[in-house]
Amino acid sequence: MNDLPLFLPCAAGVESWLADEVARVGGSGARDVQAARGGVRLAADWAAVMRLNLHSRLAQRVLVQVGHGPYRTEDDVYAAAIAVPWEAWFTPRQSFKIEFTAHQSPLKSLNFAALRVKDAVADRFRERGGVRPDVDTQRPDVRVFAHLGAEQLTLYVDTSGEPLFKRGWRADKGDAPLKETLAAAMLAASGWDATVPLYDPCCGSGTIAIEAAQIACGIAPGLLRRFGFERLAGHDAAAWAAIQAQAQAARHAPTAPVFGSDVAHRMVDFAQRNAERAGVAAALQLRGGDALQRMPPSETPGVLLLNPPYGERIEAAGVAGRGRGGREQAQMAQAGDFFAQLASHWKRHYAGWTAWVLSPDAKLPTRMRLKESRRIPMWNGPIECRLFRFDMVAGSARARDAAPGD
C-alpha cells in the first residue's frame, strides 16, 4: 500500500494550514498534497497514514479513498459500493458502521442511500464467504464513510476510529469546551512557533494552553490514544511500534513558556488535571485570576491567544461581566463592558504583545475600541467566528486615565 489516495477533512478555513502540516508530517511518504474544499487530498504510503494519525493536530480524520464514480440513483450507489473489495480491509467477524454525508445530492432519501451502502458491504461478504459482518452504530471495529456530491459518489475506509480531536487527555471539561483541533488551528493561524511566551487569560479547561505546551515540548497529539487502522487487515504492529517509539524519543524540554489563567478556580483545577494527563504539567503554568486584573506572566512580550466567553457565559468572564440580569440586551452590554475594559488593561500592561481573539461577534474590534490588523474566518462547530489580531501598543494618557484600577 504505497500509493493510497487520502482525504483528511478539517474545519472550513483550516485547509491551507492542514496542507502545510500534512506535507511536513507525511514527509517523503506523502505526495501531491492539495488543499480542497473542507480538507486536504494527497497520495501516501501506509507509514504516512500512521504518522498522520499520530501527529496531525488539525485533521478530523485520515480517510483512504476506496471507491469513486458517477451515480444517479440508489441502485448506482449500491453497485459502486458492492464493487469495492471490502474483504481486503476487514473480516466478516468484525463490525462496521456507515457514516454518510452529502452536498447537493439529487437523491430524495439520504437515509435510504446509506442503507444501500450498508447492504452492499454486507452482501459482498456474504457472496464471497457466506457470512455477513454485523453493524454496530456505537462501537464499530471499522467505519466506512460515503459522500454524495451532485454527481459523484466517493467511498472511504476510516483509519482514525474516534475523531482525531479526541486526544485522550481531556477528561475534565466545562461548558462549551473548545475542540482541540480548533485550538490547534488558532495556534497555526497566529503563527506562534514556540519561541516566545504564549498566554491564554480565559483558559477554561486548558485546551489552547495544553495544545501549545505539547507543541513546545514536541509531544505528538495522538500518543495517548488508539486508532482505527490498528483493527484493519494487514496492520503492521512492528512498524507502528517503531513510529510510536520515534515520537516518544522526539519529546524534549519546552522551547517557550506557556501560561493559562481563568477567573473560575474550578476550571483551573480542570486544566491542571488535563495538563497532567497530557504530559505537560511541568511545562505549563496555570493560575486563577480575573482576565481584567492579571498582569503579564512574562517579562518577555509574547502572544495572547484566547476564546473568551460570550453570550450567557460572559458572566464568568470577570468583574466586568457581573451584571444585574437581563437577557440578550444585558449580555451585549456586559460583553461590551468586559471587552472594552480588557482592551484598556492590555494597552496599559501588555505593550509589545500580540493578541489573537476568537469570537462570533463581527463587531468585536468596535467593542474593544481597537483596530484589528487581521481577521481570519474560522468555524467553531456550526458557529461562524473570526480570529482577530490586535497588535498592542502602549495606550494614550487619556486611555490610561479611563481604564479601571487594577
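Basis of the calculations
Residues numbered from 1 in each chain as written. Predicted model: local features only at pLDDT ≥ 70, side-chain atom pairs only at ≥ 80, totals over all residues. Heavy atoms only, no water. Core = buried A, V, L, I, M, F, W, Y, C linked by side-chain atoms within 4.5 Å. Buried < 20%, exposed > 50% of the residue type's maximum accessible area, 1.4 Å probe, protein only. Contact = heavy atoms within 4.5 Å. Helix = DSSP H or I, 4+ residues; strand = E, 2+ residues; numbered from the N terminus. Pairing = 2+ DSSP bridges. Axes fitted to C-alpha atoms, helices over the stretch in contact; angles between N-to-C directions. Salt bridge = Lys/Arg side-chain N within 4 Å of Asp/Glu carboxyl O.

A short note on the nonpolar core
Side chains of nonpolar character tend, in soluble globular proteins, to be buried together. Leu6, Trp86, Trp192 and Met378 are the most contacted members of the largest nonpolar core, which has 97 residues in total. When sequence neighbours within four positions are dropped, the list of residues in contact with Trp192 reads Leu187, Pro197, Leu198, Ala212, Ile215, Ala216, Ala256, Val258 and Val303. Grouped together as the second largest cluster of nonpolar side chains are 22 residues, Leu306, Phe338, Ala343 and Leu364 included.

A few points about the pairing of strand β11 (residues 303-306)
Side chains Val303 and Leu305 project from β11 onto one buried face, and the interleaved Leu304 and Leu306 project onto a second face that is buried too. Looking at chain direction, strand β8 (residues 198-200) and β11 are connected through two bridges and run parallel. Its bridge partner lying in β11, Tyr199 is registered against Leu304. Two strands pair when backbone bridges link them, and β11 and strand β12 (residues 354-359) are joined in this way by four bridges, in the parallel orientation. Residue pairing across strands places Leu305 opposite Trp356, the latter belonging to β12.

Overview of the sheet that holds strand β3 (residues 39-44)
Strand order across the open sheet formed by seven strands is β2-β3-β1-β4-β7-β6-β5, with mixed pairing between neighbours. Strands at the two margins of the open sheet, each flanked by one partner only, are β2 (30-36) and β5 (96-102). If you compare each strand with its neighbour and ignore which way they point, the axes differ by 30° on average. Note that β5 and strand β6 (residues 142-148) share seven bridges and pair parallel. Within β6, the position partnered with Phe100 by the bridge is Ala146. Running at roughly 10° to strand β1 (residues 4-9), helix α2 (residues 46-55) makes contact with β1, β3 and β4 (63-70) of the sheet. Of the strands in this sheet, β5, β6 and β7 (152-158) touch helix α4 (residues 110-129), which is tilted by about 145° from β5.

A closer look at the pattern of salt bridges
Applying the stated rule across the entire model yields 20 salt bridges. Across the pair Arg31 and Asp3 runs a salt bridge whose closest N-O atoms are separated by 3.1 Å. Separated by 28 residues along the polypeptide, Arg31 in strand β2 and Asp3 in the segment before β1 bring together distant segments of the chain. Judged by relative accessible area, Arg31 falls into the partly exposed class, the value being 30%. Residue Asp3 is classed as exposed on the basis of its relative accessible area of 56%. One salt bridge connects Arg128 with Glu87, and the closest N-O pair in it is separated by 4.0 Å.

Considering the environment of Ala81
Assignment of secondary structure puts Ala81 in helix α3 (residues 74-82). Exposure remark for Ala81: the relative accessible area of 0% places this residue in the buried category. For Ala81 and Val121, which are 40 residues apart along the polypeptide, the C-alpha to C-alpha distance reads 6.6 Å. Ignoring any residue separated from it by four or fewer positions in sequence, one finds Ala81 in contact with Trp86, Val117, Ala120 and Leu155.

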